[in-house]
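Coordinates in review
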Amino acid sequence: MTKPPLHLLIAAPRGFCAGVDRAIKIVELALERHGPPVYVRHEIVHNRFVVDRLRGLGAVFVEDLASVPDGRPVVFSAHGVPKMVPAAAQARGLEYVDATCPLVSKVHRQAERMIEKDMHILFIGHAGHPEVIGTFGQVPEGKMQLIETEEDARSIAPARTDNLAFLTQTTLSVDDTAAMIDILKERFPSIQGPRGEDICYATSNRQAAVKQIAETVDKMLVIGAPNSSNSRRLAEASNRLDVPARLIERAQEIDWEWLGTPLSLGLTAGASAPEILVREVVEALAERFDVTEEEAEHEPEGMIFKLPRELVA
Ligand code: 2E7
Ligand code: F3S
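Numbers given to residues run from 1 along each chain, matching the order in which its sequence is written. Labels follow written order: the first chain is A, the first ligand is 1, and so on. Local features in this predicted model are restricted to residues whose pLDDT is 70 or higher, and side-chain atom pairs enter the listing and the counts only when it is 80 or higher, whereas totals over whole chains, interfaces and linings include all residues. The basis for every side-chain value is the complete set of heavy atoms in the structure, and neither hydrogens nor water enter the calculation.

1. What to know about the pairing of strand β3 (residues 59-62)
The cut-off we apply is this: One bridge is not enough; two strands pair if DSSP finds at least two bridges between them. Helix numbers and strand numbers start at the N terminus; a helix is a DSSP run of H or I with at least 4 residues, a strand a run of E with at least 2. Convention used here: a crossover is right-handed provided that the path from the first strand, over the helix, to the second strand proceeds clockwise when the strands point away from the viewer.
Taken together, the four bridges between strand β2 (residues 38-41) and β3 define a ladder with parallel strand orientation. Counterpart to Val40 in the pairing with β3 is Phe61. Handedness of the crossover joining β2 and β3 through helix α2 (residues 48-57): right-handed.

2. Regarding the site of ligand 2
For clarity, the threshold we go by: Whether a residue is near a molecule or strand is decided by its heavy atoms; if any one of them lies within 4 Å of it, the residue is near. A 1.4 Å probe that fits but cannot get out identifies a cavity on a 1 Å grid over protein atoms alone, an open set with protein on both sides within 12 Å along at least five of seven lines counts as a pocket, and a residue lines either if it has an atom within 4 Å of a point. A cavity or pocket is said to hold a molecule if more than half of that molecule's atoms lie within 2 Å of its grid points. Basically, the charged four are Asp, Glu, Lys and Arg, the nonpolar ten are Ala, Val, Leu, Ile, Met, Phe, Trp, Tyr, Cys and Pro, and anything else, Gly included, counts as polar.
In the neighbourhood of ligand 2, the contacting residues comprise Cys17, Gly19, Val20, Cys101, Leu103, Thr170, Cys200, Tyr201 and Ala271. Structurally, ligand 2 is housed in the largest cavity. Residue composition of the shell around ligand 2, grouped by class: seven nonpolar, two polar and no charged.

3. Comments concerning unusual backbone geometry
In plain terms, the rule: Any residue under 20% of the maximum accessible area for its type is buried, any over 50% is exposed, and the rest in between are partly exposed; the area is computed with a 1.4 Å probe on protein chains only.
Of note, the bond from Ala12 into Pro13 is cis; its omega dihedral lies within 30 degrees of zero at 0 degrees. Structurally, Pro13 can be placed in the loop between β1 (5-10) and α1 (18-34). Look at the link from Pro36 to Pro37: it is a cis peptide, with omega at -5 degrees. Relative to the helices and strands, Pro37 is located in the loop between α1 and β2. Not every positive phi belongs to a glycine, and Asp118 is a case in point at roughly 60 degrees. For Asp118, the location among the structural elements is in the loop between α4 (102-116) and β6 (120-124). For Asp118, a relative accessible area of 39% translates into the label partly exposed.

4. A few points about the sheet that holds β3
What links the strands of a sheet is backbone hydrogen bonding, and the strands pair in either a parallel or an antiparallel sense. Heads up, the condition is: Only the stretch in contact is used when a helix axis is fitted, and all axes are lines through C-alpha atoms; the angle between N-to-C directions ranges over 0 to 180 degrees. The contact criterion used throughout is that any non-hydrogen atoms of two residues lie within 4.5 Å.
Strand order across the open sheet formed by four strands is β3-β2-β4-β5, with parallel pairing between neighbours. Sheet topology places β3 and β5 (96-98) at the edges, where each strand pairs with a single neighbour. If you compare each strand with its neighbour and ignore which way they point, the axes differ by 25 degrees on average. Contacts from α1 reach β2, β3, β4 (74-76) and β5 within the one sheet, and its direction differs from that of β2 by about 155 degrees.

5. Considering the layout of surface pockets
Definition in use: Grid points are joined across faces, edges and corners, and a volume is the space filled by probe spheres set on the points. Either an automatic procedure or a domain database provided the assignment from which the domain bounds are taken.
Roughly 210 Å³ of volume is contained in the largest pocket. For the lining of the largest pocket, the secondary-structure elements that each account for two or more residues are α1 and α8 (201-214). The element contributing the most residues to the lining of the largest pocket is α1, with four residues. Along the lines of polarity and charge, the residues of the lining of the largest pocket split into nine nonpolar, two polar and six charged. Residue contributions to the lining of the largest pocket reach at least three from each of two domains, namely domain 1 (5-16 + 201-295) and domain 2 (18-101). Looking at the second largest pocket, its volume works out to about 170 Å³. Forming the walls of the second largest pocket are Val81, Pro82, Lys83, Pro86, Asp98, Thr100, Ser105, His108, Arg109, Glu112 and Gln138. For the lining of the second largest pocket, the element with the most residues is α4, which contributes four residues. Grouping the amino acids of the lining of the second largest pocket by side-chain chemistry returns three nonpolar, four polar and four charged. Of the domains in this structure, domain 2 (18-101) and domain 3 (103-187) are the two that each give at least three residues to the lining of the second largest pocket.

6. Structural notes on the packing of α1 against α2
Put simply, the test is: Roughly parallel refers to an angle under 35 degrees, roughly antiparallel to one over 145, roughly perpendicular to one between 65 and 115, and oblique to any angle outside these ranges.
Two elements in contact, α1 and α2, have axes whose closest approach is 10 Å; the angle formed by their N-to-C orientations is 10 degrees. Looking at the two axes, α1 sits roughly parallel to α2. Together, Ile24, Val27, Glu28 and Leu31 of α1 and Val50, Arg53, Leu54 and Leu57 of α2 make up the contact between the two elements.

Below is the structure:
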């Protein structure tokens, strides 16, 4: 039986960012240095495949520090942690390595500096996300308020309106964030903030790439976990351009009925999804379709973050 043709357009850039590469490397190096088990507070990045592989090497994933036994090293995830976490580790004499993405640490320092200048911060982000919890945990309680939607930006009553600042999560929708910042700037013309926002290069590049391929495809598959903020934003960006998108963790989650027989399909992967899962999806598609594969053209990102000194010395 002949297979139906499928033009597969693969977004670029996609997949691992420099912060994810670094965080995974940190766990691997900590395992080499200390031997298993090495504890990791929270999923190192939001990807089951990555987490399971590291678990196989001897990493033990826990949600809080209390679950780390005395005498064992602990790695903090790429999403960042509240200040009290390293403080508690130190108090217990635990050896810890911080795998917080340097671009998140930069936001933490901005928040600290704003508090030093007696500013009140409006933080744009998603409630409950570990990055948001980590950034809120850099400042004293009551000094930062969360904005999740344009409606929040319109209705928020800041604890004070003089000396007001804003900061953002790194993995937000570029378009939604711009709209929220416009509202804040209109309401509070003297509000201070970063140039643009704090969305990272990887998030904005992947959103631009998915939007670009959405112009020419019928449907979109995004590889990423349901708890991966940046991956969810990719599916959302496609859906908003009326290109129906599904977020899948692996090839086995492809809903063939939903997919139907499109002439063209876009494929991308969030910053925490390994390329091997992209290949797995391409192979699954090739079993049912006569696939012509094309990779969107792009400038290489070329970003690399240094490893913590204690692991390379
Ligand atoms: C850390 C940060 O692990 P992810 O899926 O995380 P998000 O934040 O998108 O849920 O992706 C990598 C990553 C992105 N941002 C790690 Cl702060
Ligand atoms: Fe960092 Fe952005 Fe990746 S915040 S971990 S570079 S998605």
